[in-house]
Amino acid sequence: MNKDAVVINRIVEGLRWHALDDDEVVGRGDALRRPDGRVFLGVDSWRDEVFDQLVATMLADLPGTVYTVVDEDDRDAQERWRGAGFVVCRQERVYAVPTDPARTGLGAVSPPPGVTILPLGRAEEEPLAELDRVVREEVNATVGWQAMPVEMLARPDGKLGVVDPSAYVVAVQDGQYIGQTRVAAVPRRHRLGLVAVRAAYRRRGVARAMLAEMLGSLHRSGVGSVSIEVDDRNAAARALFEGIGAQRLGGAVELLHR
């Protein structure tokens, strides 16, 4: 086998590439477009020269900025992507957050004066969608969504926004939605996909009050812990979750190529 004999074929509507050596598949590449519009690459190959050819072909076929994610402990994979011209743009920590109030210390937490917390299943879609829009604008104007403990979702019409209002706990003041948390049931562990508060209402304990309601509700339903990913540079988010007993499970490095 030699690298000159490897042929790269693009298949599955342009989202997958196969590396063939004498009709044998010796590597695969995939591109996934996330709801926020970013494209993430993945390559599966045990031969370095095939990895390099796959990545080069994918980059040539996909103009613009693309991303990939690698486990923080996989130094070899990180070096391979760096060798292909990728640079680190984000490092995130993965936490397991307990739900038991006896462990989180959130059992006695009350919302700030004038703030009401709506439990799971009580949020109304229209004001929740408006809150989602406003929070996105505020975050995009400052640190950007890549620094938030958040997963962006797309509705059936393809637009970003609220998909299932019943998955949210919401903070309300003077009839206006000011904060939201979202949970998703995924294999093996529930996941906190969003914790966000409008800029004018931050640093008042709104996020802790929403988490107290969300985690307490999950605990009562038999869920022992949830996972969340936090940008390593987001000191406030790290402090919030570590302060309620979150244990670090690992992490990941996000790299980009322009």
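Shown above is the structure to which this text applies.
Below: a short report on this structure. What you are looking at is a predicted structure, and each value in this text was computed from that prediction instead of being measured. (Residues numbered from 1 in each chain as written. Predicted model: local features only at pLDDT ≥ 70, side-chain atom pairs only at ≥ 80, totals over all residues. Heavy atoms only, no water.)

1. Here we look at a negative patch on the surface
On the surface, D48, D52, D71, D73, D74 and D76 cluster together into a patch of negative charge. Checked against the element boundaries, D76 lands in helix α2 (residues 75-83). Judged by relative accessible area, D76 falls into the exposed class, the value being 56%. (Patch = residues over 30% accessible without salt bridge, like charges linked within 9 Å, V, L, I, M, F, W, Y side chains within 5 Å. Areas by Shrake-Rupley, 256 points an atom, 1.4 Å probe, with all protein chains shown as cover. Salt bridge = Lys/Arg side-chain N within 4 Å of Asp/Glu carboxyl O. Lys, Arg positive; Asp, Glu negative; His and termini not counted. Charge placed at Lys NZ, Arg CZ, Asp CG, Glu CD. Helix = DSSP H or I, 4+ residues; strand = E, 2+ residues; numbered from the N terminus. Buried < 20%, exposed > 50% of the residue type's maximum accessible area, 1.4 Å probe, protein only.)

2. Considerations on the pattern of salt bridges
Scanning all chains against the criterion turns up 19 salt bridges. The closest approach of N and O atoms between D232 and R93, which form a salt bridge, is 2.5 Å. Taken together, the positions of D232 in the loop between β11 (225-231) and α6 (235-242) and R93 in strand β6 (residues 87-98) put the pair 139 residues apart, joining distant regions of the chain. Judged by relative accessible area, D232 falls into the partly exposed class, the value being 27%. Salt bridges here are not isolated pairs; linked through shared partners, they connect R90, E92, D231 and R233.

3. Focus on unusual backbone geometry
The phi angle at D22 is positive, at roughly 55°, despite the residue not being glycine. With respect to the helices and strands, D22 occurs in the loop between β2 (16-21) and β3 (24-33). Note on D22: relative accessible area 71%, which makes it exposed.

4. Some thoughts on the environment of G251
Secondary-structure assignment places G251 in strand β12 (residues 247-257). If near-sequence neighbours (up to four positions away) are discounted, G251 is found in contact with D71, E72, E92, R93 and V94. (Contact = heavy atoms within 4.5 Å.)

5. Examining the environment of A31
Residue placement: A31 occurs in strand β3. On the accessibility criterion, A31 (10% relative accessible area) is buried. Residues A31 and T68, spaced 37 residues apart in sequence, show a C-alpha to C-alpha distance of 9.3 Å. Setting aside anything within four residues of it in sequence, one finds A31 in contact with L15, W17, V39, F40, L41, M58 and L62.

6. Things to note about the nonpolar core
Within the largest apolar cluster, 31 residues are counted, with the highest numbers of intra-cluster contacts made by V97, L192, L211, I228 and F241. Looking at this core, the elements with two or more residues in it are β6, β7 (115-118), β8 (168-173), β9 (176-186), β10 (189-197), α5 (206-220), β11 and α6. No other element matches α5, which puts 9 residues into this core. Apart from residues lying up to four places away in sequence, F241 is in contact with V97, L192, V195, L211, I228, V230 and A246. In this structure, A31, V43, W81 and V253 belong to the second largest nonpolar core, which totals 23 residues. (Core = buried A, V, L, I, M, F, W, Y, C linked by side-chain atoms within 4.5 Å.)

7. Side note on the packing of aromatic side chains
The tally for this structure, following the rule as stated, stands at 3 aromatic pairs. Centre to centre, the rings of W81 and F86 are 4.9 Å apart; their planes meet at 75°, and the pair counts as edge-to-face. Judged on exposure class, the residue W81 and its partner F86 are both buried. One residue, R38, lies across the ring of Y67, its end atom 4.8 Å from the ring centre. Sitting above the plane of the F51 ring, R80 keeps its charged end 5.4 Å from the centroid. (Phe/Tyr/Trp six-rings, centres within 6.5 Å; stacked < 30°, edge-to-face > 60°. Lys NZ or Arg CZ within 6 Å of the ring centre and 35° of its normal.)

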